[in-house]
Amino acid sequence: MSSAHLIVVRHLWVLRHGRPWNLVVNGIFEPFLYLLSIGVGIGQLVSGDSGASSYAAFVAPALLATSAMNSAVNETTSNVWWRVRFDKVYDAIVTTPMRIGDIALGEIAASVLRSTLSSSCFFAVIALLGMVHSWWAVLAVPAAVLIAYAFSAAGLAAATYIREPHHHQYLQLVMLPMFLFATTFYPLSIYPPVLQALVAALPLYQSIELMRGLTTGQLGAGVPIAVAYLLVMGAGTTWLARRRLSVLLLS
């Protein structure tokens, strides 16, 4: 029987005795500022008030997907890296009947739980602001779970390759350009065909396609493709994370 849930319980206990409200604030604050400054502010330049409203509704689901990505990656890179390199939490855990696969699955599950909480709060904000235009949006939270799973597993796998503190900057070299160019603020059609294929291969683009389709009701072929993409990404990086943790903890 898997003991992965014990990792989740451990993190919930730590969160309970820490500052749980930070999780909600951090998950909402940054994307909300982007939404106000770019979605609403720059949206005024599109075509008046109606243009601002439609542009904000275009940007909001992209920021929701970005919020899920950032929260998930942060949880399974910095925190896990610290526990592996300095706290040596897992060195003690592996002496128990708990397996390394349980540790990997538990860390991913805990990250998904936290990321889904912050994403759900941000979704509530954009819904209250009238930026959701379809009943399909009720699936936005399950979609956030899927996005969080894919990026949590990828973040955990990435954490196993980080050896020095400054190596975390390499993650930002990947995540920041992806945030800026993965159709967060403009449609894919503005790119030439060659670049369209490159952008469409980005995991954040697929996440945005999923969220944007659900919140706007424009459910094309991109939605099931995005779901399949994220499932494959999550499964593949979960396998890699388990393998890499075995190398680190048993060497």
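Throughout what follows, the structure given in this document is the object of discussion. What you see is a predicted model; the values in this text were computed from it and never measured. Throughout, residues of each chain are indexed from 1 in the direction in which the sequence is written. Only residues with pLDDT of at least 70 are given local features in this predicted model, and only at 80 or more are side-chain atom pairs given and counted; all residues enter the totals for whole chains, interfaces and linings. Hydrogens and waters are ignored; side-chain quantities use all the structure's heavy atoms.

## Here's the deal with the side chain of Thr 183
No. 1: Helix numbering and strand numbering both begin at the N terminus, where a helix is a DSSP run of H or I of at least 4 residues and a strand a DSSP run of E of at least 2. If you trace the backbone, Thr 183 turns up in the loop between α7 (168-181) and α8 (193-200).
No. 2: We call two residues contacting when some pair of their heavy atoms lies within 4.5 Å. Apart from the residues within four sequence positions on either side, Thr 183 is in contact with Phe 58, Leu 188, Val 199, Tyr 205, Ile 208 and Arg 212.

## As for the nonpolar core
No. 1: Tyr 90, Ile 126, Phe 151, Leu 204, Leu 210 and Met 211 are the most contacted members of the largest nonpolar core, which has 63 residues in total.
No. 2: Elements that contribute at least two residues to this core include exactly α3 (44-87), α4 (89-93), α5 (100-128), α6 (140-159), α7, α9 (203-216) and α10 (222-250).
No. 3: In terms of residues, this core owes the most to one element, α3, which gives 14 residues. By convention a nonpolar core is built from buried Ala, Val, Leu, Ile, Met, Phe, Trp, Tyr and Cys residues, the set being connected through side-chain atoms within 4.5 Å. The classification of residues rests on relative accessible area computed with a 1.4 Å probe and restricted to protein chains. Under 20% of the type maximum is buried, over 50% is exposed, and intermediate values are partly exposed.

## Notes on the environment of Gly 213
No. 1: Here Gly 213 is to be found in helix α9.
No. 2: Under the relative-accessibility criterion, Gly 213 is labelled buried at 4%.
No. 3: Note: C-alpha distance between Gly 213 and Ala 140 (73 residues apart in sequence) is 9.5 Å.
No. 4: Here Gly 213 is in contact with Gln 218, Leu 219 and Val 223, once residues within four sequence places are set aside.

## Examining the pattern of salt bridges
No. 1: Salt bridge, as used here: a side-chain nitrogen of Lys or Arg that lies within 4 Å of a carboxyl oxygen of Asp or Glu. Per the counting criterion, the structure on display carries two salt bridges.
No. 2: Notably, a salt bridge pairs Arg 114 with Glu 75, separated by 3.2 Å at the nearest N-O pair. Of this pair, Arg 114 sits in helix α5 while Glu 75 is found in helix α3, placing the two residues 39 residues apart along the sequence.
No. 3: When the shortest N-O distance is used, the salt bridge between Arg 99 and Asp 102 registers 3.6 Å.

## Considerations on the packing of α6 against α9
No. 1: For helices, the axis comes from a line fit to the C-alpha atoms of the stretch in contact; other axes are also lines fit to C-alpha atoms, and the angle between any two N-to-C directions lies between 0 and 180 degrees. Axis separation between α6 and α9 bottoms out at 10 Å; the angle between their running directions is 175°. The orientation of α6 with respect to α9, classified from their angle, is roughly antiparallel. Contacts between α6 and α9 involve Ala 140, Ala 143, Ala 144, Leu 146, Ile 147 and Phe 151 on the former and, on the latter, Pro 203, Leu 204, Ser 207, Leu 210, Met 211 and Leu 214.
No. 2: Polarity classes work like this: nonpolar for Ala, Val, Leu, Ile, Met, Phe, Trp, Tyr, Cys and Pro, charged for Asp, Glu, Lys and Arg, and polar for all others, with Gly in that last group. For the contact of α6 with α9, the per-class residue count stands at 11 nonpolar, one polar and no charged. Any angle between 65 and 115 degrees counts as roughly perpendicular, while under 35 counts as roughly parallel, over 145 as roughly antiparallel, and the rest as oblique.

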